[in-house]
Every structure is written in C-alpha cells, then in structure tokens.
Amino acid sequence: MTERELLSLVVEAADDKKAIDIVALNMEGISLVADYFVICHGNSDKQVQAIAREIKEKAHEQGISVKRLEGFEQAKWVLVDLGDVVVHIFHKDERGYYNLERLWGDAPFVSSEELQL
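Attention in this report is confined to the structure presented alongside it. Given the structure is predicted, the values throughout are model-derived calculations rather than measurements.

Brief notes about a positive patch on the surface
Working step 1: On the surface, Lys 17, Lys 46, Arg 53 and Lys 56 cluster together into a positively charged patch.
Working step 2: Structurally, Arg 53 is set in helix α2 (residues 45-61).

Structural notes on the pairing of strand β5 (residues 85-91)
The side chains of a regular strand alternate, residue by residue, between the two faces of the sheet.
Working step 1: Across the 7 residues of β5, 7 count as buried, placing the element largely inside the fold.
Working step 2: Side chains Val 85, Val 87, Ile 89 and His 91 of β5 all project onto a buried face; the interleaved residues Val 86, His 88 and Phe 90 project onto the opposite face, where all are buried too.
Working step 3: Bridge analysis of strand β2 (residues 36-42) against β5 gives 7 bridges, and the strand direction is parallel. Looking at β5, one finds that Cys 40 is bridged to Ile 89.
Working step 4: For strand β4 (residues 77-81) and β5, the ladder comprises 5 bridges, and the chain directions are antiparallel. Each bridged residue has a counterpart across the sheet, and for Asp 81 the counterpart in β5 is Val 86.

Criteria and cut-off values
Residues numbered from 1 in each chain as written. Predicted model: local features only at pLDDT ≥ 70, side-chain atom pairs only at ≥ 80, totals over all residues. Heavy atoms only, no water. Patch = residues over 30% accessible without salt bridge, like charges linked within 9 Å, V, L, I, M, F, W, Y side chains within 5 Å. Areas by Shrake-Rupley, 256 points an atom, 1.4 Å probe, with all protein chains shown as cover. Salt bridge = Lys/Arg side-chain N within 4 Å of Asp/Glu carboxyl O. Lys, Arg positive; Asp, Glu negative; His and termini not counted. Charge placed at Lys NZ, Arg CZ, Asp CG, Glu CD. Helix = DSSP H or I, 4+ residues; strand = E, 2+ residues; numbered from the N terminus. Buried < 20%, exposed > 50% of the residue type's maximum accessible area, 1.4 Å probe, protein only. Pairing = 2+ DSSP bridges.

Right, dumping it as structure tokens:
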C-alpha cells in the first residue's frame, strides 16, 4: 500500500465515524516523524475513541501495524502512528488549544481530490 493509499484509508475511516474538520498535511521535508499528518476531532470522548478504533481496525484489515497508539483512555488527544502517516484525533475542546495546523503552517494541505474521496 502506498503512502497516499494509506492516507486515503485513514481519512475515509475517520470520516466513517463522523470525524469533524479532517485535515491532511503533507509533512515531507518538514518532519522526520512522518510524511503525512492527519488532524481531526470528535465531540465526545466516545467519538474520539471510535475514530481511533476505526482507523486501527481498517489498518489491521490491510495488514498495516499500528506502531503506537497513545492517549486512547483519556480521549483528549489520541495519536495513532502508522509509520508514514500519523493521525492526531482531538476532543473538540483540545483541538483549538493545541492548534497543530498553525504549528505546522508551512506544511501544504492535501486536498480531498488528491485523496480520491
């Protein structure tokens, strides 16, 4: 599976669980951690956990291992590390506080057309 296919899988899984304001950032040449960051949020702890669980399950179905899953129990900021794609799932109250989109403002957004949604 290519990086772009993995990115599309992640965005679709988040969308399936009604993640809000899904943003994909191309981090190539900006971050050594991953090539893409996906940022989204949910309105409740349960929704945040459901989004993370769906991403994890869809990745496993494709034979992709989750390298790290952090923050699941607290459900305020869940990080799902899939290697080339790192997903940040926030509770709505936390997303504005951390404002990762501004922090990585030099990273280009990946459009939905590029993701073939």
